[in-house]
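Given next are the chains, with one letter for each unit.
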Amino acid sequence: MEKKIYLDNAATTKTRPAVVEAMLPYFTEYFGNPSSVYEFATQNKKAVDEARTIISKALNAESNEIYFTAGGTEADNWAIKATAEAYGDKGNHIITSKIEHHAILHTCEALEKKGFEVTYLDVDEDGVIKLEELKKAIRPTTILISIMAANNEIGTIQPIKEIGDLAKENNVLFHTDAVQAFGQLKLDVKDLNIDMLSASGHKLNGPKGIGFLYIKKGLKLRSFVHGGAQERQRRAGTENVPGIVGFGKAVEIAMNTLEERQKKEIELRDYLIGRVLKEVPYVRLNGHKTNRLPNNANFAFQFIEGESLLIMLDMQNICASSGSACTSGSLDPSHVLLAIGLPHEIAHGSLRLTLCEDNTTEEMDYVVDTIKEIVAKLRSMSPLYEDFLKSMAR
């Protein structure tokens, strides 16, 4: 197939034309600084406020609870580090999971070096945390629980409602990294008892370089970036007006098309998963079979290296990944796959395919047929596979 098939939407998405169109005037025509007092600039402030309102309504939050950041990583860092600073007098214990994004894990590791204690919860073979273990992990000194809404690699959706209720019962703050989930799932911060939520624009067909942190009203979190008085004196720096406008437009479209997209992506995802599991031997689906993001399919193929599979897929115009885009340069197997119990040799053979509403059944057929050919070819060159077949023949 000459057309490029893009199946790495968990890494980043194509910016919608309507989003680009909404952004363009704020680069050249309405370029004023929103913090200035003259009318030319206040037009931009109005545009920022409108985007903030759109995003807050998508979460059932208040507009003054949305704080714009440079992306999901900054929002994650802000939530965890600012909580540690603000509530350190109450305690020094944080709870997270072993399958979080590195923006969470590395931030927690940095806090451990400063004397904070972190519990990294195990997950089951589907990548779901165990609520009983979470309950047991809570201490009098626990100040924060940070569990992602849905995993960026295997797509598993966590029991966010139950986690939020448990945190509230124990007077512990609850933060969720919703970078993958926002725009894919319906999230109501009030119903879910979420105190802080991180999201990023480029995961839902918006621009890169823009994100937000939802901070529930009443939390005493201080500034993370110091300087000017922007974002109600909580996040300094001249506002990224084009990015904010584009983010708002992307959220508006995502919310208006949510149910339709979910239905189409789930049908395509399940078709893809069904063919791979039926037609490729010695493969497993990673993550929960049904309770997963609508567009996520993650496989582990035995007796092959995922890197070779990715290169050969690219040669056939198929863009995919073996895990998080932020660790694509690492030779280590995915920490997520190891956490769900895969041995190193199988974890190395992982493939993540993340769809979008523009993908077609024809494309899925081409992808599966191509995977079958590549996997067979790679296994034909694998001494491990040859030894396995000999052992089966005995």
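Residues numbered from 1 in each chain as written. Predicted model: local features only at pLDDT ≥ 70, side-chain atom pairs only at ≥ 80, totals over all residues. Heavy atoms only, no water.

(A) Structural detail: the sheet that holds strand β9 (residues 283-285). The antiparallel open sheet is built from three strands, whose spatial order is β9-β10-β12. Each having just a single partner strand, β9 and β12 (350-354) make up the two edges of the open sheet. Along the sheet, successive strands turn relative to each other by an average axial angle of 25°, direction set aside. Of the strand pairs in this sheet, strand β10 (residues 296-301) and β12 are connected by five bridges, and their pairing is antiparallel. Counted as the bridge partner of A300 is S350 from β12. (Pairing = 2+ DSSP bridges. Helix = DSSP H or I, 4+ residues; strand = E, 2+ residues; numbered from the N terminus. Axes fitted to C-alpha atoms, helices over the stretch in contact; angles between N-to-C directions.)

(B) The arrangement of the packing of aromatic side chains in detail. Summed over all chains, the structure comprises nine aromatic pairs. Between Y282 and Y385, the ring centres sit 6.4 Å apart and the planes meet at 70°, which makes this aromatic pair edge-to-face. You can see Y282 sitting in the loop between α10 (258-279) and β9 and its partner Y385 sitting in helix α15 (residues 383-393), a full 103 residues away along the chain. When its relative accessible area of 32% is taken as the criterion, Y282 is described as partly exposed. (Phe/Tyr/Trp six-rings, centres within 6.5 Å; stacked < 30°, edge-to-face > 60°. Buried < 20%, exposed > 50% of the residue type's maximum accessible area, 1.4 Å probe, protein only.)

(C) Seen up close, unusual backbone geometry. Despite not being glycine, N205 has its phi angle at roughly 65°, a positive value. Mapping N205 onto the fold places it in the loop between β7 (196-200) and β8 (211-215). Located in the positive-phi region is F303, a residue other than glycine, with phi close to 70°. Residue class for F303 comes out buried when judged on its relative accessible area of 16%.

(D) Summary view of the environment of Q158. Structurally, Q158 is set in the loop between β5 (142-146) and α7 (160-169). On the basis of relative accessible area, Q158 is assigned to the buried category, the value being 4%. C-alpha separation for the pair Q158 and G71, spaced 87 residues apart in sequence, amounts to 22 Å. Filtering out sequence-adjacent residues up to four positions away, Q158 remains in contact with I99, G127, V128, I129, I147, M148, A149 and I163. Of the polar contacts made by the side chain of Q158, one reaches the backbone oxygen of G127; its length is 2.8 Å. For Q158, the side chain forms a polar contact with the main-chain nitrogen of I129, separated by 3.1 Å. (Contact = heavy atoms within 4.5 Å. Polar contact = N/O pair within 3.5 Å; in protein donor to acceptor, adjacent residues only side chain to side chain.)

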